[in-house]
There are 2 protein chains.
Amino acid sequence: MPPMSAPIVVQKFGGSSLADADRIRRVARRIARERALGSQLVVVVSAMGDTTDELISLAAAITDEPDSRELDVLLATGEHQSATLVSMALHALGVPAISLTGAQAGITTDGRYGRARIANVDPRRVQAEVAAGRVVIVAGFQGMSASASDGLVAAVDDTSPDSATRQASPHALIHAAETTTLGRGGSDTTAVALAARLGADRCQIFTDVRGIYTADPRLLPEARKLDVIGYEEMLEMAQSGAQVMQQRAVELGWVNNVVIEVLSSFEDAPGTLIKEDPFVEQRNKVRGLAHDRNVAKITVVDVPDRPGVAHAIFAPLADAGVSVDVIVQNVSHGGTTDMSFTVTRTDLAKARRILEPVARTLGAREITTDLSVAKVSIVGAGIQNAPGYAARMFEALAKAGVNIEAIATSEIRITCLIGEDGLEPALRSLHAAFELEQPDQIDAAGAPVARASSVGA
Amino acid sequence: MPPMSAPIVVQKFGGSSLADADRIRRVARRIARERALGSQLVVVVSAMGDTTDELISLAAAITDEPDSRELDVLLATGEHQSATLVSMALHALGVPAISLTGAQAGITTDGRYGRARIANVDPRRVQAEVAAGRVVIVAGFQGMSASASDGLVAAVDDTSPDSATRQASPHALIHAAETTTLGRGGSDTTAVALAARLGADRCQIFTDVRGIYTADPRLLPEARKLDVIGYEEMLEMAQSGAQVMQQRAVELGWVNNVVIEVLSSFEDAPGTLIKEDPFVEQRNKVRGLAHDRNVAKITVVDVPDRPGVAHAIFAPLADAGVSVDVIVQNVSHGGTTDMSFTVTRTDLAKARRILEPVARTLGAREITTDLSVAKVSIVGAGIQNAPGYAARMFEALAKAGVNIEAIATSEIRITCLIGEDGLEPALRSLHAAFELEQPDQIDAAGAPVARASSVGA
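What this report covers is the structure whose coordinates are included nearby. (Residues numbered from 1 in each chain as written. Chains lettered and ligands numbered in written order. Predicted model: local features only at pLDDT ≥ 70, side-chain atom pairs only at ≥ 80, totals over all residues. Heavy atoms only, no water.)

## Considering the overall build of chain A
Rules: Note on conventions: DSSP H or I runs of at least 4 residues are helices, E runs of at least 2 residues are strands, and numbering of each starts at the N terminus. Partly exposed residues are those whose accessible area sits between 20% and 50% of the maximum for their type, while under 20% is buried and over 50% is exposed, using a 1.4 Å probe and protein chains only. Residue contacts follow a heavy-atom distance rule, with two residues in contact if any of their heavy atoms lie within 4.5 Å. Calculation of accessible area relied on Shrake-Rupley with a 1.4 Å probe; when residues are assessed, cover is drawn exclusively from the protein chains displayed.
The number of helices and strands found in chain A is 14 helices and 20 strands. The proportion of buried residues among the 457 residues of chain A is 56%. Long-range contacts, defined here as pairs at least 24 residues apart, represent 76% of the contacts in chain A between residues at least 6 apart. Split by element, the accessible area of chain A, about 18300 Å² in all, is 51% carbon and sulfur.

Next comes the structure, spelled out in structure tokens:
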């Protein structure tokens, strides 16, 4: 048993690392090895393989609009299952282990089914199990709604003929607690939240890739694994289409200063550290490319160019929970203008349904849509303050023969909307232009060495 | 919405009734019809189809000896899933519904994983949901261990630096509550326990057969469905191999006087009522035949015929949880005797392993086993007091050319151990001898009319 004072390490394993009994046993052996090195371990697991998608299909076979509360209970079973199996596999190796549901692990959330946010982590059960020498396996992606719970406790107690039970019925809490899920990739958030609350030394996110790359290595073989990336850069990468980690997990890590390592569960090699990077401003360099194909462009054609039009178009979309990105309003011609913007392809039909009556009311000519677009982004701390980056990005795209349909920027990111068929040439040209295949050069103090090629350095 | 004062009906649907999306929708339509008739409904569900067996296989692929606590969490997910899907299917029909886990439904048990017994049902959440006009779908087969919970709350609180939380941490209860399962067929017990606690009018067990038969209709086409059977008779039928209902569910119904109806989920027809039968002593007749193929005979050959031998043989089996039935000790010859008894086939290897050293210590010659045996039983209240039944049973078996290897009796049952290949001829001959194909004749007051053929009437 590791000593009580041993460092706590939180490890998270994704669905592809747990897809079948063999892989589960492999994960168990990896956990056992880490424990033998003297760590106290808390392990967060996703559902096995495609379980979550299969459960969603099962619900879809029953009804087009599954109730979100019921769907959360259904989906949470995937992580219950994988957690018990990993625990059993550890027992088979002679390692003491116990699985906990999100509720048992003390993870309380708000009541927004399907996309709940963690409200608090009560670490006592996890700490007690760790102190007892056990590896704790926590079902990721889920929590218990405390707010819904409180409301229902009152409801439950109101029906009791014995008014004394209002005071003395802690069990009613259990009857009233509701299972919630944290949304796609929510297990990452579970892991980071636990690491923060337990004061863990490390939070390791095991996945089917080796770390964070300068671009998607499936599209660009020359893409290079990064050793370190800052929280903010990682956030922009995630937001711009790099699917490796859930964005909220990165935010949570940033706020709580949790060092996160993304690494492969299939090999024994260091991954990418996501952490506060003191040299990030000095480095002042593009760190990576992100891209996103789940994009559709909507254009409202010939809307009157007058105040309030943008609000009339975007307010109803926001109310319906449709996220809008890369907005471009053309120069006015003859008192009318075209308003273009992007939504995810999954939201396109819904957005169109909402906009048809709006466009009629505004007197717009028509609504056109384009599904053959994609977003490509360069990400790096400080690039907004160095205008040379944008120019070099546009030059690289022009060289690749890729037309830019719209541009959006943030502090540390520049995104271009392009035709989808230009995506791979664009990535290749940008990767070369920003010399992303070159390893970071670090001096003896760990500071990056400025290279001649670095713009603004 | 049914009126508040409407009768509560508890319905339980087994796995084969919920095997796929189509069947789940069919079950939902049946629930909706019952609700339209004005009932308030609490529905208990098993896991879909073979889900439980599939989960057991998954665990078996990981380890030979799955931890019983982990296995319970794993298996309980099957009922969580089916409960949410039935609830969704009701929503799709416009029927307000909510699924509850065993814990949410207030079902607390002892801490014996895999075979927990219900300790209490706190009905408040279920009552509150029913009062709100919802059909309540309860995940069967599971509960929450209260005793384990209490122990762990203390453990959890001990780790808290703030001693005040010892008093004020009702949430710790949730973190410490453990999922338990009630054993095979446990959903029947969930349904009967809820019906008892809610004071339900009826408890309907929907299954893939039409009710309780005078014999297994798959073996004996002339077997007849019974309209009514007493609790005690039903218990003996269940114990003697009729697999329709879990024995503990019948016991619980008996103790709480819950009228249970066993009926088919695939057709609209009345089933068999299990209830206190005031005319049972008057009827004084064989009600049905049960049989069991999951039987193996063990003989300890040539054991010394002296006091303490039976204890030496059976005590270690009992300690290992091996149930023993139909015990026969031969007449002593030359100071030694043969001791024969039956165990389930699944327990045979284990029993043999336990008995080998015992037999050596006792100086027995050998242990022989026989897998080609079966039990056949006649069941009926009062038959023990009417010796004519035994004689007629032996006569019927002799006519069928079936040899009797051993005999065991209870108050209301006579069981013969026979060769397995004689099972079908034995059932056919007994069914005819006791005129089980004849419908019950009931007089105007509901009392059975004695027929000339009824022994002892």
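## Some points on the sheet that holds strand β17 (residues 366-370) of chain A
Residue and element names in this part refer to chain A. Which entries qualify depends on this criterion: Pairs of strands are assigned from DSSP output, requiring at least two bridges between the strands. Axis definition: a line fitted to C-alpha atoms, over the contacting stretch in the case of helices. Angles run 0 to 180 degrees between N-to-C directions.
The strand order across the open sheet built from four strands is β15-β16-β14-β17, with neighbouring strands paired in antiparallel fashion. The sheet terminates laterally at β15 (325-329) and β17, the two strands that pair on one side only. Strand-to-strand twist across the sheet, computed as the mean angle between neighbouring axes with direction ignored, equals 15°. In this sheet, strand β16 (residues 336-343) lies alongside strand β14 (residues 296-304) in antiparallel orientation, the contact comprising seven bridges. Among the inter-strand pairings, I298 is bridged to a residue of β16, identified as F341. This element, helix α11 (residues 309-319), spans β14, β15 and β16 of the sheet and lies at about 25° to β16. Packing against the sheet, helix α12 (residues 348-362) makes contact with β14, β16 and β17, and its axis sits at approximately 5° to β14.

## Description of the packing of helix α3 (residues 68-92) of chain A against helix α3 (residues 68-92) of chain B
What counts is decided by this rule: These descriptions rest on fixed angle ranges, namely under 35 degrees for roughly parallel, over 145 for roughly antiparallel, 65 to 115 for roughly perpendicular, and the rest for oblique. By convention the crossing between two helices is left-handed if the near helix lies anticlockwise of the far one by an angle smaller than a right angle, and right-handed if it lies clockwise. Charged residues are taken to be Asp, Glu, Lys and Arg, nonpolar residues to be Ala, Val, Leu, Ile, Met, Phe, Trp, Tyr, Cys and Pro, and polar residues to be all remaining types, Gly included.
Where α3 of chain A meets α3 of chain B, the closest approach of the two axes is 9 Å, and the angle between their N-to-C directions is 165°. Taken as axis vectors, α3 of chain A and α3 of chain B run roughly antiparallel relative to one another. Seen from above, α3 of chain A lies across α3 of chain B with left-handed handedness. Packed against α3 of chain A, whose contacting residues are E70, L71, V73, L74, T77, H80, Q81, T84, L85, S87, M88 and H91 of chain A, the element α3 of chain B presents E70, L71, V73, L74, T77, H80, Q81, T84, L85, S87, M88 and H91 of chain B at the interface. Residue composition of the contact of α3 of chain A with α3 of chain B, grouped by class: 10 nonpolar, 12 polar and two charged.

## Examining helix α1 (residues 21-36) of chain A
All names here are of chain A. Stated precisely, the cut-off is as follows: Multiplying 1.5 Å by the residue count of a helix minus one yields the expected span of that helix. Polar contact is the term for a pair of N or O atoms within 3.5 Å; when the atoms are in protein, one must be able to donate a hydrogen and the other to accept it, and sequence-neighboring residues count only if both atoms are side-chain atoms.
Taking 1.5 Å as the rise per residue, α1 with 16 residues should run 22 Å; its terminal C-alpha atoms sit 22 Å apart, in good agreement. Residues of α1 that are buried: A21, I24, V27, A28, R30, I31, A32, E34 and R35. The N-cap residue of α1 is D20: its side-chain oxygen and the backbone nitrogen of D22 are 3.2 Å apart. The first or second residue beyond α1 is G38, which carries a positive phi of 105°.

## Describing the interface of chain B and chain A
Applied cut-off: Buried surface area refers to the total accessible area, computed with a probe of radius 1.4 Å, that the two partners give up upon joining, counted for both partners together. By salt bridge we mean one thing: a side-chain nitrogen of Lys or Arg within 4 Å of a carboxyl oxygen of Asp or Glu.
Residue-level contacts link 57 residues of chain B with 57 residues of chain A. With both chains or domains summed, chain B and chain A bury close to 4800 Å², and 67% of this area falls on carbon and sulfur atoms. If you sort the residues of chain B by the area they bury against chain A, I62, R124 and H175 of chain B come out on top, with a joint share of 16%. Seen at the junction of chain B and chain A, the total is two salt bridges. Here R125 of chain B makes a salt bridge to E178 of chain A, at a shortest N to O gap of 2.6 Å. Taken together, the links from chain B to chain A amount to 14 residue pairs in polar contact (both at pLDDT 80 or more). Only α1 (21-36), α2 (51-62), α3, β3 (97-100), α4 (124-131), α5 (146-158) and α6 (170-176) of chain B provide two or more residues apiece to the side of chain B that touches chain A. The biggest single contributor to the side of chain B that touches chain A is α3 of chain B, with 15 residues. Across the side of chain B that touches chain A, the residue classes break down as 31 nonpolar, 16 polar and 10 charged.

## Quick word on empty space enclosed by the protein
Spelled out, the test is: For cavity detection a 1 Å grid was placed over the protein atoms alone, and a set of points counts as a cavity when a 1.4 Å probe fits there but cannot get out; an open set counts as a pocket when protein lies on both sides within 12 Å along at least five of seven lines, with lining residues being those that have an atom within 4 Å of a point. Grid points are joined across faces, edges and corners, and a volume is the space filled by probe spheres set on the points.
What the rule picks out here adds up to four cavities of 30 Å³ or more. Its boundaries defined by the atoms lining it, the largest cavity holds a volume of some 440 Å³. Together, 27 residues line the largest cavity, and T101 and A103 of chain A together with T101, A103 and T179 of chain B are the ones closest to its centre. Secondary structure elements with two or more residues in the lining of the largest cavity: α3, β7 (142-145) and β8 (178-181) of chain A together with α3, β7 (142-145) and β8 (178-181) of chain B. Grouping the amino acids of the lining of the largest cavity by side-chain chemistry returns 12 nonpolar, 13 polar and two charged.

## Let's talk about α12 of chain A
Residues and elements named next belong to chain A. With 15 residues, α12 should cover 21 Å at 1.5 Å per step; its first-to-last C-alpha distance of 20 Å lies within 8% of that length. If you check which residues of α12 are buried, you get L348, A351, L355, V358, A359 and L362. For α12, the elements touching its buried residues are β14, α11, β16 and β17. The first or second residue beyond α12 is G363, which carries a positive phi of 80°.

## Let's talk about the relation of the copies chain B and chain A
The relation between the two copies of this chain is a rotation about an axis and a shift parallel to it. To be explicit about the condition: Fitting of the copies onto one another was done by least squares over C-alpha atoms, counting residues only where both copies have pLDDT of at least 70.
It takes a turn of 180° to lay chain B on chain A, together with a shift of 0.1 Å along the axis; the resulting RMSD is 0.1 Å. Here the symmetry operator amounts to a two-fold rotation axis. Here 100% of the contact residues of chain B are again contact residues in chain A; the copies associate through an equivalent surface.

## Digging into the sheet that holds strand β19 (residues 404-410) of chain B
Residues and elements named next belong to chain B. If you walk across this open sheet you meet the four strands as β13-β18-β20-β19, and the pairing is antiparallel. Where the open sheet ends on each side, the last strands, each with one partner, are β13 (288-292) and β19. In this sheet, adjacent strand axes meet at a mean angle of 20° when their direction is disregarded. For β19 and strand β20 (residues 413-419), the ladder comprises six bridges, and the chain directions are antiparallel.

## Overview of the pairing of β7 of chain A
All names here are of chain A. Across two bridges, strand β4 (residues 107-109) lies against β7 in parallel orientation. The residue bridging T109 from the neighbouring strand is S145, located in β7. Examined bridge by bridge, β7 and β8 share four bridges and lie antiparallel to one another. Bridging from a neighbouring strand, Q142 pairs with T181 of β8.

## With respect to the packing of aromatic side chains
Formally: Pairing of aromatic rings covers Phe, Tyr and the six-membered ring of Trp, with a centre-to-centre limit of 6.5 Å; geometry is then stacked below 30 degrees between planes, edge-to-face above 60, and tilted otherwise.
One pass over the full model with this rule turns up eight aromatic pairs over all chains. Taken together, a centroid distance of 4.5 Å and an interplanar angle of 5° make the contact between F13 of chain A and F206 of chain A stacked. With F13 of chain A in strand β1 (residues 8-13) and F206 of chain A in strand β9 (residues 202-207), this pair connects stretches of sequence that are 193 residues apart. An identical accessibility class is assigned to F13 of chain A and F206 of chain A; each is buried. Plain terms: the ring middles of Y389 of chain B and F434 of chain B are 6.1 Å apart, the flat faces sit at 25° to each other, and that makes the pair stacked. Residue Y389 of chain B is located in helix α13 (residues 388-399), and its partner F434 of chain B is located in the segment after α14 (423-433); the two are separated by 45 residues in the primary sequence. Exposure class is identical for Y389 of chain B and F434 of chain B. Each is buried.

## Quick notes on the side chain of Q104 of chain A
Here Q104 of chain A is to be found in the loop between β3 (97-100) and β4. A polar side-chain atom of Q104 of chain A sits 2.6 Å from the main-chain carbonyl oxygen of A177 of chain B. Sequence-distant contacts of Q104 of chain A, defined by excluding residues within four places in its chain, comprise S99 and R125 of chain A together with R69, I174, H175, A177 and E178 of chain B.

## So, the environment of A215 of chain B
Residue and element names in this part refer to chain B. Tracing the chain through its elements places A215 in the loop between β9 (202-207) and β10 (228-229). When the C-alpha positions of A215 and G288 are compared, they lie 5.9 Å apart, and in sequence the two are 73 residues distant. Contacts of A215, omitting those with residues within four sequence positions, involve L220, A223, L289 and H431.

## Quick word on the packing of helix α2 (residues 51-62) of chain A against α3 of chain A
All names here are of chain A. As a packed pair, α2 and α3 sit with axes 9 Å apart at the nearest point and diverge in direction by 150°. Between α2 and α3, the angle is such that the two are roughly antiparallel. When the axes of α2 and α3 are compared, the crossing they make is right-handed. Along the contact surface, α2 presents T51, T52, L55, I56 and A59, while α3 presents L71, L74, L75, T77, G78 and E79. Of the residues belonging to the contact of α2 with α3, the class tally is six nonpolar, four polar and one charged.

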